[in-house]
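# Structure assessment
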Amino acid sequence: MPDDDRDPSHETERSAAGGAPELSRRRFLGGAASGLALGTAGALGCAPSSSPEPARWDLETDVVLVGTGTGLVGGLTAAVAGAEVVALEKRSIVGGSTGHSGGVAWIPNNNVMRAENIEDSRERALTYLTHLAQSQADPELLEAFVDAGPEMADFVQAHSSIEWRVSTIMGDNADYHPEWPGALQRGRSIEPVVEREGLFGPELIEYLRRGFEAAGGRVLTETPVERLVLREREDGVREVIGVEARRDGAPFFVLARRGVHLAAGGFEWDFDMKRHFLRGPTPYTLGAGGNTGDGVRMAMAAGADLRNMNEIWGISVYKGEAEPAVEHRMGATLNAELEKRSAGSIVVNTRGERFQDEAADYDSTWRSYHTWENWGEMGYRNLPAFLLFDAKPRRNGRIAGAGPDDPLPDFVSEAASLGELAEKLGIDAQGLTRTVARFNVYAAELRDPDFHRGESSYDRYGQADKGITLAPLDEPPFFGAEISAADLGTCGGARVNGRAQVLDPFGQAIPGLFASGNNAGVGSPGSSYGGGGGTIGPAMAFAYLAGRELAKQPSRSG
Ligand SMILES: Cc1cc2nc3c(=O)[nH]c(=O)nc-3n(C[C@H](O)[C@H](O)[C@H](O)COP(=O)(O)OP(=O)(O)OC[C@H]3O[C@@H](n4cnc5c(N)ncnc54)[C@H](O)[C@@H]3O)c2cc1C
């Protein structure tokens, strides 16, 4: 049924299989509302899950953008199309995780690569993404991303000071699975031109913010949105018409005449949500501290369906670095991820077994931590996990961020033998000895028949010594530290369609509500991570779609 062609008189509909009647959307929402009323009556003083229309709006605008990371692309798009847009940001600074990211966006078939004479196509990109997602992605979203991505990149370049270039950070290692069908080694990862080394997230955000403001958009920081404001239309459908935020300690109601764009990031700092939605323990994050799942909860309260809730942008971290960071709500570091690829290192579990290609991309690798043991004591076979080194990386590289002349942090153990290291870390010494003996034989030949480390050209990315990632662990002293599954952010949230409209569990668009980025259940899309920039690329593309749609929505009065 088309979104705008609903018959509210149909209280129940037969399921497609002709089985038990399914609840209609209206009854579902009504039921949810009465359940809510009961809950409220039973727990006086609890806030309602959405706000009623206020007697007076504190601010009126066409579009409310919630969150100022990649969502700024949506704000820019709607503003350029003539809509009045107000962006509300919870924190005192704009940018979220995007603002401290590498600033790389993975956009297949873009015009930036074309300028370098790198050939790509819609079909090729879809082949790669479809293969990558292993049937865990909605084809509509894959196509929407591949179609909107290049358009978005051109649009952003035309309407902000961003000038794209093929990513210098990723170089010839753009796609994380370069040997797979449809992959390309170079060109799909793009970044803003910035004349310095390092991560370019700050510039990406600064250029977007300036473009947004130049197009007439306004940013209000320290204004967390707490609830969506919904009202029931004459046809019985509930629509989103604004938000209740908090500003200077008081409620702050903003009317959104055309709609609300949720771009409030993921739920990486809500450990209760993570415990219940993710496939296994993921106790640490590198995401920005404001990302506590507010946007996902608000979408749920408006009746949104969810997607991709078991997915994260996965990574490995040192537990010793991550634990103190959690207390201060700061992101952990990339040290473990970078160092476990170095020659003379392996990752093992408490049995001393290897269980991953340590040099593969971070998002494929984190999945290996959650292998479930289905016999004996049961549990996660590969947690806890340990990153071990021999003397070579200590001499030539870094361990837990410490260079050859720096003292090692306390959480790194040092030992004269592998047996002693195993004892210090609580690893089975016999198992470790067996593993290292086998690993060393093959590593000396630059082979890894067990986990194929070094076979993909991506595995050799960033390795100083001619791209070699394999070397025997045969030089004492040995070093080791516990590592853990972590995330750059979660990527499940409100289910959207190819126009970034938020959908309810019956597949109907919730009028006035759009979502993108880690707030939406899009992913890369689905259970995949295309390459460098694989989170920001789709997030910007869907923000663009949201902004474009919002500018076209009819204007509603308060
Ligand atoms: C070190 C690091 C480097 C990375 N590099 C890359 C990279 O180069 N390429 C890539 O693709 N990915 C990268 N990532 C991942 C990427 O940064 C995130 O996946 C992406 O930025 C998420 O974008 P977003 O817009 O969904 O969320 P965010 O950028 O986090 O924006 C969400 C915003 O919403 C705000 N917000 C939250 N709740 C509310 C509320 N209630 N009201 C108002 N505002 C609210 C937040 O404060 C935040 O500003 C990196 C991550 C890290 C940690």
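Residues numbered from 1 in each chain as written. Predicted model: local features only at pLDDT ≥ 70, side-chain atom pairs only at ≥ 80, totals over all residues. Heavy atoms only, no water.

## Some remarks on the overall build of the protein
Selection rule: Secondary structure elements are defined from DSSP: runs of H or I of at least 4 residues count as helices, runs of E of at least 2 residues count as strands, and each element is numbered from the N terminus. Each radius of gyration is computed over the set of C-alpha atoms, and the globule rule expresses the reference value as 2.2 Å times the number of residues to the power 0.38. We call a residue buried when its accessible area falls under 20% of the maximum for its residue type, exposed when it is over 50%, and partly exposed in between, using a 1.4 Å probe and counting protein chains only. Using the Shrake-Rupley algorithm and a 1.4 Å probe, accessible areas are obtained, with residue cover drawn only from the displayed protein chains. Only four residue types enter the tally: Lys and Arg on the positive side, Asp and Glu on the negative side, with His and both chain ends excluded. To locate a charge, take atom NZ for lysine, CZ for arginine, CG for aspartate or CD for glutamate.
Helix and strand counts for the protein come out as 15 helices and 23 strands. Its C-alpha atoms give the protein a radius of gyration of 25 Å, near enough to 24 Å, the size a compact globule of 558 residues would have. With the C-alpha coordinates of the protein rotated into their principal frame, the extents come out at 75 × 55 × 50 Å. Across the 558 residues that make up the protein, the buried fraction comes to 59%. As presented, the protein carries roughly 22,400 Å² of accessible surface, and 51% of it is formed by carbon and sulfur atoms. Taking the average place of the 55 positive charges on the side chains of the protein and the average place of its 79 negative ones, the gap between the two points comes to 2 Å.

## Examining the site of the ligand
So the rule is basically this: Residues are labelled near a given molecule or strand when at least one of their non-hydrogen atoms is within 4 Å of it. Pairs of N or O atoms are called polar contacts if they sit within 3.5 Å, as long as, within protein, a hydrogen donor faces a hydrogen acceptor (for residues adjacent in sequence, only side-chain-to-side-chain pairs). Three classes are used: nonpolar for Ala, Val, Leu, Ile, Met, Phe, Trp, Tyr, Cys and Pro, charged for Asp, Glu, Lys and Arg, and polar for all others, with Gly counted as polar.
Close to the ligand lie 35 residues; T70, E89, T98, T535 and I536 are nearest. Within the backbone of G96, a nitrogen or oxygen atom sits 3.2 Å from an oxygen atom of the ligand. Note that an oxygen atom of the ligand is positioned 2.7 Å from one of the side-chain N or O atoms of T535. Relative to its unbound accessible surface of 1,000 Å², the ligand loses 95% to contact with the protein. Its residues placed into classes, the shell around the ligand shows eleven nonpolar, 20 polar and four charged.

## Points about the pairing of strand β20 (residues 478-490)
Quick reminder of the rule: Pairing between strands is defined by DSSP: at least two bridges between the two strands are required.
Counting buried positions over the 13 residues of β20 gives eleven, a clear majority of the element. Strand direction decides the pairing type here: strand β18 (residues 385-389) and β20, joined by five bridges, are antiparallel. In the strand pairing of β20, A385 is matched with I483. In this sheet, β20 lies alongside strand β19 (residues 413-415) in antiparallel orientation, the contact comprising three bridges. Residue pairing for β20: S413 is matched across the bridge by G480.

## Some thoughts on the packing of aromatic side chains
To keep things clear, this is the line we draw: Only Phe, Tyr and Trp rings take part, Trp by its six-membered ring, and two of them pair if their centres are within 6.5 Å. Stacked means planes under 30 degrees apart, edge-to-face means over 60, and tilted covers everything else. Charge over a ring is defined by NZ of Lys or CZ of Arg lying within 6 Å of the ring centre and within 35 degrees of the ring normal.
In total, this model carries 15 aromatic pairs according to the counting rule given. Relative to F253, the ring of W57 lies with its centre 6.5 Å away and its plane at 80°, an arrangement referred to as edge-to-face. With W57 in the loop between α1 (25-42) and β3 (59-66) and F253 in strand β11 (residues 250-262), the pair connects residues that are 196 residues apart, well separated along the chain. Relative accessible area serves as the criterion here: at 10%, W57 is assigned to the buried category. Accessibility expressed as a relative area gives 15% for F253, which makes it buried. Look at Y176 and Y362: their rings are 5.4 Å apart centre to centre, the planes differ by 75°, and that puts the pair in the edge-to-face class. With Y176 in the loop between β6 (164-166) and β7 (189-192) and Y362 in helix α11 (residues 362-366), this pair connects stretches of sequence that are 186 residues apart. What makes Y176 buried here is its relative accessible area of 4%. What makes Y362 buried here is its relative accessible area of 15%. When the ring centre of F252 is taken as reference, the NZ or CZ atom of R247 above it lies at 5.8 Å.

## Quick word on the environment of R460
Operational definition: Any two residues having at least one pair of non-hydrogen atoms within 4.5 Å are treated as being in contact.
Residue placement: R460 occurs in the loop between α14 (429-443) and β20. Separated by 178 residues in the primary sequence, R460 and T282 place their C-alpha atoms 27 Å from one another. Setting aside chain neighbours within four positions, we find R460 in contact with G454, E455 and G467. At 3.4 Å, the side chain of R460 forms a polar contact with the backbone oxygen of E455.

## A short note on the nonpolar core
Convention followed: What we call a nonpolar core is a set of buried Ala, Val, Leu, Ile, Met, Phe, Trp, Tyr and Cys residues that are connected through their side-chain atoms within 4.5 Å.
Membership of the largest hydrophobic core comes to 84 residues, with the highest contact counts inside it found for W164, L228 and V260. Among the elements that take part in this core, helix α5 (residues 139-159) stands out by supplying ten residues, more than any other. Look past the residues within four positions of L228 in its chain and what remains in contact with it is S50, S51, V240, G242, V243, V260, L262, M298, A299, A302 and L513.

## Considering helix α8 (residues 294-301)
Turning to α8, its buried residues number three or more, namely D294, G295, V296, M298 and A299. Backbone geometry just downstream of α8 places G303 in the positive-phi region, at approximately 100°.

## A short note on the domain arrangement of the protein
In plain terms, the rule: These domain limits were set by an automatic method or by a database of domain assignments. Summed over both partners, the accessible surface that disappears when two parts come together, traced with a 1.4 Å probe, is what is meant by buried area. Just to be clear on terms, a salt bridge is a Lys or Arg side-chain nitrogen sitting within 4 Å of an Asp or Glu carboxyl oxygen.
The domain boundaries assigned to the protein delineate domain 1 (60-223 + 263-311 + 491-552) and domain 2 (329-488). Taken over C-alpha atoms, the centre of domain 1 sits 32 Å from the centre of domain 2. Contacts between domain 1 and domain 2 engage 29 residues on the former and 25 residues on the latter. For the domain 1 and domain 2 pair, buried surface summed over both sides reaches about 2,300 Å², with 53% attributable to carbon and sulfur atoms. Area buried by domain 1 at its contact with domain 2 is led by Y176, R279 and L286, which between them contribute 27% of it. Connecting domain 1 to domain 2 are two salt bridges. Residue R367 is joined to E311 by a salt bridge in which the shortest nitrogen-to-oxygen separation is 3.0 Å. If you look at where domain 1 meets domain 2, you find 14 residue pairs in polar contact (both at pLDDT 80 or more).

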